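Secondary and tertiary structure notes
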Amino acid sequence: MSGLAHLLGYGVPWWLWGMAGLLAVAALAWLAGPRAALAAAAVLAFAIAHRKGAQQGYSHAIKEGERDAERILDTARAARSGADRRDGDARRLRDDDGFRRE
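Nothing here was measured: the structure is a model prediction, and the numbers come from that model.

**Digging into the overall build of the chain**
Secondary structure assignment for the chain yields three helices and zero strands. Each helix (α) and strand (β) of the chain, taken in turn from the N terminus, gives the series α-α-α. Here the chain holds 102 residues, and 10% of them are scored as buried. Within the chain, contacts between residues at least 6 apart in sequence are counted, and of these 57% link residues at least 24 apart.

The structure is reproduced here in structure tokens:
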């Protein structure tokens, strides 16, 4: 169920939810009158503002995660190439770090 909720919450754009909500408010105005429609419109405005903010925050978090992952990969690549350069030098093959291993 959480997969469906995630899809509905973040996969459906906020403006589509707004259009569907406006249709529901119009139907409520026709069935129950303008006072009920006004209350429903206020709730709809709050819900749409919340949905828009949640979707913007989610997309920002995804972009930030991709940027952080790319930065980590760049750091790992730089460390690997530095180690390859250091270990590729045959003159340093018998260098001693001062620690006896026997």
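**Observations regarding the packing of helix α2 (residues 14-32) against helix α3 (residues 34-87)**
α3 packs onto α2 with a crossing angle of 170° between their chain directions and a minimal axis gap of 9 Å. Classed by the angle they form, the pair α2 and α3 counts as roughly antiparallel. Taking contact as the criterion, the partners of Trp14, Trp17, Gly18, Gly21, Leu22, Val25, Leu28, Ala29 and Ala32 in α2 are, on α3, Pro34, Ala36, Ala37, Ala40, Ala41, Leu44, Ile48, Arg51, Lys52 and Gln55. Split by residue class, the contact of α2 with α3 holds 14 nonpolar, three polar and two charged.

**Some remarks on the side chain of glutamine 55**
Within the secondary structure layout, glutamine 55 lies in helix α3. Once residues lying within four places of it in the same chain are set aside, the contact partners of glutamine 55 are Gly9, Tyr10, Val12, Pro13 and Trp14.

The rules behind each value
Residues numbered from 1 in each chain as written. Predicted model: local features only at pLDDT ≥ 70, side-chain atom pairs only at ≥ 80, totals over all residues. Heavy atoms only, no water. Helix = DSSP H or I, 4+ residues; strand = E, 2+ residues; numbered from the N terminus. Buried < 20%, exposed > 50% of the residue type's maximum accessible area, 1.4 Å probe, protein only. Contact = heavy atoms within 4.5 Å. Axes fitted to C-alpha atoms, helices over the stretch in contact; angles between N-to-C directions. Parallel < 35°, antiparallel > 145°, perpendicular 65-115°, else oblique. Nonpolar A, V, L, I, M, F, W, Y, C, P; charged D, E, K, R; others polar.

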